[in-house]
Amino acid sequence: MKITKEIVRKTAHLARLHFDETKEAEMVHDLQKMVDWVDKLKEVDTENVEPLTGMSFEIDRYREDSVKHHLTTDKVFKNAPKHDSNYFRVPKVINQ
């Protein structure tokens, strides 16, 4: 597949991106390198290769969930800069 400026312009328009002429030329070059690399993968013989279902053949060993090292409310709030009853007080981050 040949990457052209028209393809880059159309893709940029759909993605709401704006490039100047220099960046547009760079994008054509970079995208062409990516497409060429993917085309190169088509040359690999995968006839007798089983598809992967995962990256590792190790079996997950699950453990039972259990409560350990339980902290009391007093210990938790001891290091909190501000707290109110059983809640942490934090600065307001949403402006209306």
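Below or above, wherever it landed, is the structure these notes cover. Since the structure is predicted, the reported quantities are computational estimates derived from the model, not experimental observations.

Quick notes on the rules
Residues numbered from 1 in each chain as written. Predicted model: local features only at pLDDT ≥ 70, side-chain atom pairs only at ≥ 80, totals over all residues. Heavy atoms only, no water. Helix = DSSP H or I, 4+ residues; strand = E, 2+ residues; numbered from the N terminus. Rg over C-alpha atoms; globule rule 2.2 N^0.38 Å. Contact = heavy atoms within 4.5 Å. Areas by Shrake-Rupley, 256 points an atom, 1.4 Å probe, with all protein chains shown as cover. Patch = residues over 30% accessible without salt bridge, like charges linked within 9 Å, V, L, I, M, F, W, Y side chains within 5 Å. Salt bridge = Lys/Arg side-chain N within 4 Å of Asp/Glu carboxyl O. Expected span 1.5 Å × (residues − 1). Buried < 20%, exposed > 50% of the residue type's maximum accessible area, 1.4 Å probe, protein only. Arc of directions from axis to C-beta.

In this section: the overall build of the protein. A tally of regular secondary structure across the protein gives 3 helices and 2 strands. The helix and strand sequence of the protein, counted from the amino end, reads α-α-α-β-β. A compact globule built from 96 residues would reach a C-alpha radius of gyration of about 12 Å, whereas the protein, at 28 Å, exceeds it by more than 25%. Taken along its principal axes, the extent of the C-alpha atoms in the protein is 65 × 50 × 20 Å. Across the protein, every contact between residues at least 6 apart in sequence was considered, and the portion connecting residues at least 24 apart equals 27%. Approximately 10300 Å² of the protein is accessible, and the part contributed by carbon and sulfur atoms is 56%.

Taken together, Trp37, Val38, Leu41 and Val44 make up a surface patch of nonpolar side chains, about 410 Å² in accessible area. Structurally, the position occupied by Leu41 is in helix H2 (residues 21-41).

Since there are 3.6 residues in each turn of an α-helix, residues three or four apart along the chain are aligned in direction. The end-to-end C-alpha separation of H2 is 31 Å, in line with the 30 Å expected for 21 residues at 1.5 Å each. Here H2 has its buried residues at Glu24, Val28, Gln32 and Val35. End-on view of H2: buried residues confined to an arc of 75 degrees, all on one side of the axis. Counted as exposed and oriented over 90 degrees from the buried face of H2: Thr22, Lys33, Trp37 and Lys40. Among the structural elements, helix H1 (5-14) are those in contact with the buried residues of H2.

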